Amino acid sequence: MERKRETFGSRFAVVMAMAGSAIGLGNIWRFPYMAGEYGGAAFIIVYIAASLILALPIFFAESIIGRRSGLGTFGAMEKLAPGTGWKWVGLLTVLSPIIILSYYSVVGGWSVEYLFKSFEFARMQENEVTGFFGLFISSTWMPILAHTAFLLLVGGVVLGGVRKGIEQFTKITMPILFVLILVIAIYGLSLPGSGKGVEYLVKPDFSKLTPSTVTAAMGQAFFSLSLGVGTILTYASYMKKDENILVSGLGTAGFDLFFAILAGFAVMPAVFAAGIAPGAGPGIVFETLPYIFNKMGAASPLLCTGISFLFFFTILAAALTSAISMMEVGVAFLTEEKEMHRWSAVLLITGFAWIVGVLCSLSFGPLSGVKILGNSIFDFLDKLCSNWLLPLGGLLFTLFVGWKMSPSDVFDEFTNSGTLKANKAVFKTVMLLIRYVAPAGIIAVFISLLV
Ligand code: PFF
């Protein structure tokens, strides 16, 4: 069934929507804790390389498939390669963002809780502030309640179609978040003992480079840019025909990388100043930032509360735009391919993500003893998605564009039917990355993991 699809209004809107999906908890929550767990600077170097060599080509590949077909993942594959098995790739990439949404909403819920907790940080003792996170997540109901609130917010926005409003809104909150992270980084650097954190971020210790570091860095690059799950593909299907795929990809990746590194500098120096172990895991940001706010509170409680509230509010906005993009992939599939009503699609996905999310949330408390292949439920799903499903999806997208689509179609899409002053050398380089470098890199990482 042909439907008239919406398109984004301007190049700025495209980059903002894609950046809205890309910039989220992955940058502010996941990047610092991954960098802490996998050895600091060495991890960051591999992460930057993986972003440029592996992730960026996939960004281009997804953009090409999405805009060429004007459809979500499943429909796109069916349209561009009718009657082939490629549509199953589409299905795989519909499932992974829904799994991510489940545990992402748990962390989104933590931000909701911390938003309210902001009013107390100034009054708390230092050890109470850093210890709060452990108490909070090991409790049963509060994190589930917060997860529910976050997920309802996501479902409500996707259902109510106020996404445009949210996008307008994040155009204001993103710059605020950026300034706040900058302020926090500068303040954190002024704390005694923070120098070790800077050293940790800039002085690589290559002895810490193991296959699992490389896998984690690659997974982070994919997660952070929302790749391999059809999100960018789906957003690109709303892109106008005269947008420049190269420019929007570079713009989004640039913003995203910058945000992550900045968040690293906002968190890691303070981690060392607060005496928290850099490998403390998923809670590290939630332990460290309140520590900074609490210290600020010594000078001015009002400032502490204000900055903390604004910070968690803007994080929430960033998390929302990312979570919306995850839900959108599934909703596009169910409404376009299964002709489901939008509200049933949203209800179905929200319900699924809620149940799986509850299990993830409990895995920090009552279900902490449940291990899947040695990991908690939360870690297992996160590793399954970031280290396997996202790279696998990305690999299949590059193979599709590099080997299945006709090179002239790809060239046509990349250069907007030849209207962009196509730099043939740039196109050749991008194709080289899509056809050989990215697939070979991902396969090599998979092999190293299996071996
Ligand atoms: N890129 C998002 C972040 O960094 O928070 C996370 C994400 C969004 C992953 C959308 C996957 C996705 F489909």
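The coordinates are above.
As the structure is a prediction and not an experimental result, all values here were calculated from the model.

## Points about the packing of aromatic side chains
- Within the structure shown, the criterion is met by 37 aromatic pairs.
- Ring centres 6.1 Å apart and planes at 40 degrees place the aromatic pair Y104 and F223 in the tilted group. A residue pair is termed long-range when its members are at least 10 positions apart, and Y104 in helix α5 (residues 86–121) and F223 in helix α10 (residues 211–224) qualify at 119 residues. As far as burial versus exposure is concerned, Y104 and F223 are alike and both buried.
- Over the ring of F223 we find R30, and its NZ or CZ is 4.9 Å from the ring centre.
- Geometry around W403 places R435 over its ring, the cationic atom sitting 4.0 Å from the centre.

## Quick word on the packing of helix α3 (residues 41–69) against helix α4 (residues 73–80)
- At their nearest, the axes of α3 and α4 sit 9 Å apart, and the two run at 75 degrees to each other. Classified by the interaxial angle, the pair formed by α3 and α4 is roughly perpendicular. Residues I65, R68 and S69 of α3 form the contact with α4, whose participating residues are A76, M77, K79 and L80.

## Observations concerning the site of the ligand
- Not every one of the 16 residues close to the ligand is listed here, only the nearest: A22, G26, Y104, F223 and T231.
- At 3.4 Å from an oxygen atom of the ligand is found a side-chain nitrogen or oxygen belonging to N27.
- Contact distances for the ligand include 2.5 Å between an oxygen atom and a side-chain N or O atom of Y104.
- Burial of the ligand by the protein amounts to 100% of the accessible area it has alone, namely 340 Å².
- For the shell around the ligand, the secondary-structure elements that each account for two or more residues are α1 (11–22), α2 (25–37), α5, α10 and α14 (301–336).

## Let's talk about the environment of L303
- Note on placement: L303 falls in helix α14.
- Sequence separation between L303 and V107 is 196 residues; the distance between their C-alpha atoms is 25 Å.

## Points about unusual backbone geometry
- The phi torsion at S226 lies on the positive side, around 55 degrees, for a residue other than glycine.
- Relative to the assigned elements, S226 resides in the loop between α10 and α11 (231–236).
- On the basis of relative accessible area, S226 is assigned to the buried category, the value being 9%.
- For E339, which is not glycine, the phi dihedral falls at a positive 50 degrees.
- Looking at the element boundaries, E339 is found in the loop between α14 and α15 (342–362).

## Looking at the nonpolar core
- Among the nonpolar cores identified, the biggest contains 151 residues, and F43, I65, I100, W110, F286, F293 and F311 are the most heavily contacted of them.
- The dominant element in this core, judged by the number of residues it contributes, is α14, at 17 residues.
- Once you skip the residues sitting within four places of it in the chain, F286 turns out to touch W29, V107, W110, S111, Y114, F133 and F312.

## Brief notes about the pattern of salt bridges
- What the rule picks out here adds up to 10 salt bridges.
- Residue K241 pairs with E413 through a salt bridge whose shortest N-O separation is 4.0 Å. Of this pair, K241 sits in the loop between α11 and α12 (245–274) while E413 sits in helix α17 (residues 407–414); the two residues are 172 residues apart in sequence, bridging distant segments of the chain.
- The shortest N-O distance in the salt bridge between R342 and E328 comes to 3.7 Å. Taken together, the positions of R342 in helix α15 and E328 in helix α14 put the pair 14 residues apart, joining distant regions of the chain.
- Judged by relative accessible area, which is 33%, R342 ranks as partly exposed.

Definitions and limits used
- Residues numbered from 1 in each chain as written.
- Predicted model: local features only at pLDDT ≥ 70, side-chain atom pairs only at ≥ 80, totals over all residues.
- Heavy atoms only, no water.
- Phe/Tyr/Trp six-rings, centres within 6.5 Å; stacked < 30°, edge-to-face > 60°.
- Helix = DSSP H or I, 4+ residues; strand = E, 2+ residues; numbered from the N terminus.
- Buried < 20%, exposed > 50% of the residue type's maximum accessible area, 1.4 Å probe, protein only.
- Lys NZ or Arg CZ within 6 Å of the ring centre and 35° of its normal.
- Axes fitted to C-alpha atoms, helices over the stretch in contact; angles between N-to-C directions.
- Parallel < 35°, antiparallel > 145°, perpendicular 65-115°, else oblique.
- Contact = heavy atoms within 4.5 Å.
- Near = heavy atom within 4 Å.
- Polar contact = N/O pair within 3.5 Å; in protein donor to acceptor, adjacent residues only side chain to side chain.
- Areas by Shrake-Rupley, 256 points an atom, 1.4 Å probe, with all protein chains shown as cover.
- Core = buried A, V, L, I, M, F, W, Y, C linked by side-chain atoms within 4.5 Å.
- Salt bridge = Lys/Arg side-chain N within 4 Å of Asp/Glu carboxyl O.

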